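# Residue-level structural notes
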Amino acid sequence: MSILDPIKQEKIETGQNHGFMVNYLEALSLVERLHRLLLDVIKDEFERVGVLEINAVQALLLFNIGDNEVTAGELKSRGYYQGSNVSYNLKKLVEMGFMHHQRCEIDRRSVRVKLTEKGRKIRDVVAELFARHADGLQHKGVLGPDGIDDITHSLKRMERYWTDQIRYIY
């Protein structure tokens, strides 16, 4: 049973935009499942290549940081991570040698992080995985350039709508 089932049932019973509502709730459920599945795919890849000291969330964090030098706040403001998870994972990644950290000269409360060589190797494993998947999606006819553009455009519009709801609707 999906977390959305009670909402879906209530809205369906009231007849409120029945078709759109059902599709919207299905889309929300898919986004949630796809994120969990992405983490499982990364975990399976790491098991395949023998990387066992890092989890999928941490690997995705390294991938998203890439060659940048960032603060935890910047990662949160970019929308990649929420709350204390990012701080906890950054601390663990520094302890395990995947990242360097340094106090910011301007704001001593802030810590800037960047990948070590060990962290860049993990980033590269994830980048290679994503490149293989992009090739596979196209070569097997699952999704082409127009399809991925449509999905990305639609998801960006939803992101903007939700962001506006948080910022402007109380």
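Above this text sits the structure in question.
Residues numbered from 1 in each chain as written. Predicted model: local features only at pLDDT ≥ 70, side-chain atom pairs only at ≥ 80, totals over all residues. Heavy atoms only, no water.

## Brief notes about the sheet that holds strand E1 (residues 70–71)
Across the sheet, which stays open at both edges, the three strands sit in the order E1-E3-E2 with antiparallel pairing between neighbours. Here the strands that pair on one side only, and so sit at the sheet edges, are E1 and strand E2 (99–103). Sheet topology places E2 next to strand E3 (residues 111–115); five bridges connect them, and they run antiparallel. By the bridge assignment for E3, His-100 is matched with Lys-114. Docked against the sheet, helix H3 (residues 56–65) engages E1, E2 and E3, running at close to 95° with respect to E3. (Pairing = 2+ DSSP bridges. Helix = DSSP H or I, 4+ residues; strand = E, 2+ residues; numbered from the N terminus. Contact = heavy atoms within 4.5 Å. Axes fitted to C-alpha atoms, helices over the stretch in contact; angles between N-to-C directions.)

## So, the packing of helix H2 (residues 18–49) against helix H7 (residues 145–168)
Two numbers describe how H2 lies on H7: the axes approach to 13 Å, and their chain directions differ by 100°. In terms of axis orientation, H2 runs roughly perpendicular to H7. Of H7, the residues touching H2 (which contributes Tyr-24, Leu-28 and Val-31) are Leu-155, Met-158 and Trp-162. (Parallel < 35°, antiparallel > 145°, perpendicular 65-115°, else oblique.)

## A closer look at H2
Helical periodicity: at 3.6 residues per turn, an α-helix aligns residues three or four positions apart in one direction. The first and last C-alpha atoms of H2 sit 46 Å apart over 32 residues, in line with the 46 Å expected at 1.5 Å per residue. Count one or two residues on from H2 and you reach Gly-50, which has phi positive near 80°. (Expected span 1.5 Å × (residues − 1).)

## Observations concerning the packing of aromatic side chains
The full count for this structure, using the stated rule, is two aromatic pairs. Seen from their ring centres, Phe-20 and Tyr-24 are 6.5 Å apart, and the 5° between their planes marks the pair as stacked. Taken together, the residues span about one helical turn, with Phe-20 and Tyr-24 both in helix H2 at a distance of four residues. Judged by its relative accessible area of 62%, Phe-20 is exposed. Assessed through its relative accessible area of 27%, Tyr-24 is described here as partly exposed. Here the aromatic rings of Phe-63 and Phe-130 are separated by 5.0 Å at their centres, their planes lie at 85°, and the arrangement is edge-to-face. With Phe-63 in helix H3 and Phe-130 in helix H6 (residues 117–139), this residue pair connects regions lying 67 residues apart in the sequence. (Phe/Tyr/Trp six-rings, centres within 6.5 Å; stacked < 30°, edge-to-face > 60°. Buried < 20%, exposed > 50% of the residue type's maximum accessible area, 1.4 Å probe, protein only.)

## Concerning the pattern of salt bridges
A full pass over the atoms with the stated rule returns 12 salt bridges. When the shortest N-O distance is used, the salt bridge between Arg-36 and Glu-32 registers 3.3 Å. Placement of the pair is Arg-36 and Glu-32 together in helix H2, with a separation of four residues, close to one helical turn. The exposure class assigned to Arg-36 is partly exposed, which follows from its relative accessible area of 44%. Its relative accessible area of 34% is what places Glu-32 among the partly exposed residues. Among the salt bridges present, the one from Lys-43 reaches Glu-47, with a minimum N-O distance of 3.0 Å. (Salt bridge = Lys/Arg side-chain N within 4 Å of Asp/Glu carboxyl O.)

## Side note on the pairing of E3
Two faces make up the sheet, and in a regular strand the side chains alternate between them. Note: E1 against E3, two bridges, orientation antiparallel. Bridging from a neighbouring strand, Thr-71 pairs with Arg-112 of E3.

## Focus: a nonpolar patch on the surface
Residues Val-31, Ile-148, Ile-151 and Leu-155 make up a contiguous nonpolar surface patch of roughly 310 Å² in combined accessible area. Element by element, the count of residues in the nonpolar patch is highest for H7, at three residues. Within the element layout of this structure, Val-31 appears in helix H2. (Patch = residues over 30% accessible without salt bridge, like charges linked within 9 Å, V, L, I, M, F, W, Y side chains within 5 Å. Areas by Shrake-Rupley, 256 points an atom, 1.4 Å probe, with all protein chains shown as cover.)

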